[in-house]
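Structural features, examined
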Amino acid sequence: MAERAVRPAGLIRRTLARAVDSLVLAGVATAAALPLVPEATAHVQVKVDEARASGRTTTVWLLDGTITGYLGLVLAAVLVFGVFYEALPTARWGRTPGKKLFGVRVLAAATLRPPAFGAALRRWLVYALLGLPGSLWCLVDRPRRRAWHDRAAGTYVAR
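Presented here is an overview of the structure given in this document.

Parameters at a glance
- Residues numbered from 1 in each chain as written.
- Predicted model: local features only at pLDDT ≥ 70, side-chain atom pairs only at ≥ 80, totals over all residues.
- Heavy atoms only, no water.
- Salt bridge = Lys/Arg side-chain N within 4 Å of Asp/Glu carboxyl O.
- Helix = DSSP H or I, 4+ residues; strand = E, 2+ residues; numbered from the N terminus.
- Buried < 20%, exposed > 50% of the residue type's maximum accessible area, 1.4 Å probe, protein only.
- 1 Å grid on protein atoms, 1.4 Å probe; cavity = no way out; pocket = protein on both sides within 12 Å on 5 of 7 lines; lining within 4 Å.
- Points joined across faces, edges and corners; volume = space filled by probe spheres on them.
- Nonpolar A, V, L, I, M, F, W, Y, C, P; charged D, E, K, R; others polar.
- Pairing = 2+ DSSP bridges.
- Expected span 1.5 Å × (residues − 1).
- Contact = heavy atoms within 4.5 Å.
- Axes fitted to C-alpha atoms, helices over the stretch in contact; angles between N-to-C directions.
- Parallel < 35°, antiparallel > 145°, perpendicular 65-115°, else oblique.
- Left-handed = near helix turned anticlockwise from the far one by under 90°.

With that out of the way, let us pick up the pattern of salt bridges. All told, the structure shown has five salt bridges when counted by the stated rule. For the salt bridge of Lys-99 with Asp-21, the shortest nitrogen-to-oxygen distance reads 3.8 Å. Separated by 78 residues along the polypeptide, Lys-99 in helix α5 (residues 97-101) and Asp-21 in helix α2 (residues 11-33) bring together distant segments of the chain. Judged on exposure class, the residue Lys-99 and its partner Asp-21 are both buried. Asp-150 is the salt-bridge partner of Arg-123, the closest N and O atoms lying 2.8 Å from each other. With a gap of 27 residues between them, Arg-123 in helix α6 (residues 117-135) and Asp-150 in helix α7 (residues 148-153) connect regions that are remote in the sequence. Each member of the pair, Arg-123 together with Asp-150, is buried. A single network of salt bridges, built from pairs that share partners, joins Arg-14, Arg-123 and Asp-150.

What follows is the structure, given as structure tokens:
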């Protein structure tokens, strides 16, 4: 069993598991943003109409305090959901639903057990910041195929 736990997961399984988890997070972001779209659109339209009514050439900034506040709400919803969807299941079972679906799990490199909550949260946040470029590092990393977010958390993905 210990030998099986050391074997790193294949790149296809990892990619598919990440795709499922990313689609779920994208769905949450969409669900959080959708109710705010009419308000944001109306806000921008008022600014454009005011600029037209002034009769002079002016710059209309689309990103202002109101729109930034809406973006902050969406980001907060994604971060809170991400803790419950990514970090907690990874710390508890070593798996997110996407990883469970494709038969892979995250293990602490030192203990071969699921990582602690802090490491799981760090792993997810580093992935959220670095995304695909950080993930591509696993193509050249040997023998455990660790991406940058795995290195930051001291973990690897096993089969």
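Here the largest pocket defines a volume of roughly 360 Å³. Lining the largest pocket we find 17 residues, and of these Arg-14, Thr-15, Arg-18, Ser-135 and Cys-138 sit closest to its centre. Among the elements of the structure, α2 and α6 are those that each provide at least two residues to the lining of the largest pocket. Classifying every residue of the lining of the largest pocket by side-chain character gives nine nonpolar, four polar and four charged.

What follows covers the pairing of strand β1 (residues 105-108). Of the two faces of β1, both are covered, the one formed by Arg-105 and Leu-107 as well as the one formed by Val-106 and Ala-108. The pairing of β1 with strand β2 (residues 155-158) spans four bridges and is antiparallel. Paired with Leu-107 across the strands is Tyr-156, a residue of β2.

Let's shift gears to α2. An ideal rise of 1.5 Å per residue puts 33 Å on 23 residues; α2 measures up with 32 Å between its terminal C-alpha atoms. Every buried residue of α2 is accounted for by Arg-14, Ala-17, Arg-18, Asp-21 and Leu-25. Of the surrounding elements, those touching the buried residues of α2 are α4 (65-93), α5, α6, α7 and β2.

Here helix α3 (residues 37-54) crosses α4 at 165°, and the two axes come no closer than 10 Å. When the interaxial angle is binned, α3 and α4 end up roughly antiparallel. Between α3 and α4 lies a crossing whose hand is left-handed. Contacts between α3 and α4 involve Glu-39, Ala-40, His-43 and Val-44 from the former and Thr-66, Ile-67 and Tyr-70 from the latter.

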